[in-house]
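# Chains, contacts and geometry: an overview
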Amino acid sequence: MGLSAAFFDLDKTVIAKSSALAFGRPFYRDGLISRRDVVKTAYAQLMFRLGGGTDEQSMARTRDYMAALCKGWRVEQVQQIVAETLGTLINPYVYAEAAALIAEHQAAGRDVVLVSASGDEMVRPIGALLGITDVIATRMAIADGRYSGAVEFYAAGPAKVTGVRRLADERGYDLAECYAYSDSSSDLPLLEAVGHPSAVNPDRALRRVAALRSWPILEFRNPVPLGRRLRDRPAVPVAAALGVGVGVAIGVALYGRHRRTRAAAVA
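Since the structure is predicted, the reported quantities are computational estimates derived from the model, not experimental observations.

What counts, and at which threshold
- Residues numbered from 1 in each chain as written.
- Predicted model: local features only at pLDDT ≥ 70, side-chain atom pairs only at ≥ 80, totals over all residues.
- Heavy atoms only, no water.
- Helix = DSSP H or I, 4+ residues; strand = E, 2+ residues; numbered from the N terminus.
- Buried < 20%, exposed > 50% of the residue type's maximum accessible area, 1.4 Å probe, protein only.
- Areas by Shrake-Rupley, 256 points an atom, 1.4 Å probe, with all protein chains shown as cover.
- Pairing = 2+ DSSP bridges.
- Contact = heavy atoms within 4.5 Å.
- Axes fitted to C-alpha atoms, helices over the stretch in contact; angles between N-to-C directions.
- Phe/Tyr/Trp six-rings, centres within 6.5 Å; stacked < 30°, edge-to-face > 60°.
- Lys NZ or Arg CZ within 6 Å of the ring centre and 35° of its normal.
- Left-handed = near helix turned anticlockwise from the far one by under 90°.
- Nonpolar A, V, L, I, M, F, W, Y, C, P; charged D, E, K, R; others polar.
- Arc of directions from axis to C-beta.

### Focus: the overall build of the protein
Scanning the protein from N- to C-terminus turns up 12 helices and seven strands. Among the 267 residues that make up the protein, the fraction classed as buried is 53%. If you sum the accessible surface of the protein, you get close to 12600 Å²; carbon and sulfur atoms cover 52% of it.

So, in structure tokens, the structure goes:
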């Protein structure tokens, strides 16, 4: 246990894609997601991308739909899908700069924590891939080995700060000495909760806030497989030296639009 911690958002901060989108294809393949589900989530995906899906009410709708979508899924099946596809769907998309920064924090004696709205079943294995054991992620209620349709904890927006503060209380972190990294303006509460916030590949709203507050702005551009990262350790961006998306529903919508585009092209 370190004296302080570095909290990383996952999607577009540590990995160059949405973790939910990454697993959308095998979920569809194995029958967990239907075409009707894809259509129903298209509007939510569009609103999020336009910046209209990051308010508290929209997050609540996404949470509730995600819970309903997953209801009845066998937890073991989801874990198996993630384990089988992690190497091809996630490993090649981890930013080399993020991996180097994570290693620097660990070398400095800080705990590293992934903080993501994606499900714990996805986020925890991704953390293990990076040598991270601490995760704050969405937890679905489980009954008899299946998701019950309820959400125990939705790790999005201000709720991320709730999880961070709970962990800080347990371990004695001084949040003024902690670090946080995110790409999204929806994570402003998380960034504001620590003494050393940084914007990574920020959206327009976050870039504006970061500039006004003189926060470091980091650009991660090099996703490479784990083996190559170990051979060629990249330099951490200068701003970092000076200074863990949405849920499954959003990923399904993105995958659905991709399938429809391909189908139209073939036709």
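Now that the structure is up, let's keep going.
### Some remarks on the sheet that holds strand S7 (residues 217–218)
Pairing between sheet strands relies on hydrogen bonds along the backbone, with the strands arranged either parallel or antiparallel. With mixed pairing, seven strands are arranged side by side in an open sheet as S4-S3-S2-S1-S5-S6-S7. The sheet is open, and its two edges are formed by strand S4 (146–153) and S7, each paired on a single side. Pairing geometry for strand S5 (residues 179–182) and strand S6 (residues 196–200), over four bridges, is parallel. Pairing of Tyr 179 across the sheet is with His 196, part of S6. Packed onto the sheet, helix H3 (residues 56–70) meets strand S2 (111–119), strand S3 (134–143) and S4 and runs at close to 160° relative to S4. Running at roughly 150° to S2, helix H7 (residues 158–171) makes contact with strand S1 (5–9), S2, S3 and S4 of the sheet.

### Thoughts on the packing of aromatic side chains
Inspection of the entire model under this criterion finds four aromatic pairs. Between Phe 7 and Tyr 173 the ring centres are 6.5 Å apart and the planes differ by 75°, which places this aromatic pair in the edge-to-face class. Here Tyr 173 lies in the loop between H7 and S5 and Phe 7 lies in strand S1, a separation of 166 residues in the sequence. Under the relative-accessibility criterion, Phe 7 is labelled buried at 0%. Lying over the aromatic face of Tyr 93, Lys 17 brings its terminal NZ or CZ to 3.9 Å of the ring centre.

### Topic: the packing of helix H4 (residues 75–89) against helix H6 (residues 120–129)
It is the contact of H4 with H6, at a shortest axis distance of 10 Å, that shows an interaxial angle of 35°. The crossing of H4 and H6 is right-handed. Two secondary-structure elements touch here, H4 through Val 75, Val 78, Gln 79, Val 82 and Leu 86 and H6 through Glu 121, Met 122, Pro 125 and Ile 126. The class makeup of the residues in the contact of H4 with H6 is seven nonpolar, one polar and one charged.

### Considering the environment of Met 59
Locating Met 59 in the fold gives a position in helix H3. Given the relative accessible area of 12%, Met 59 is considered buried.

### Points about helix H9 (residues 204–213)
When we look at burial in H9, the residues that qualify are Leu 206, Val 209 and Ala 210. The buried residues of H9 occupy an angular sector of 100° when the element is viewed end-on, so they sit on one face. What points out from H9, more than 90 degrees from its buried face, is the exposed set Arg 204, Arg 208, Ala 211 and Leu 212. At its buried positions, H9 is contacted by S5, helix H8 (188–192), S6 and S7.

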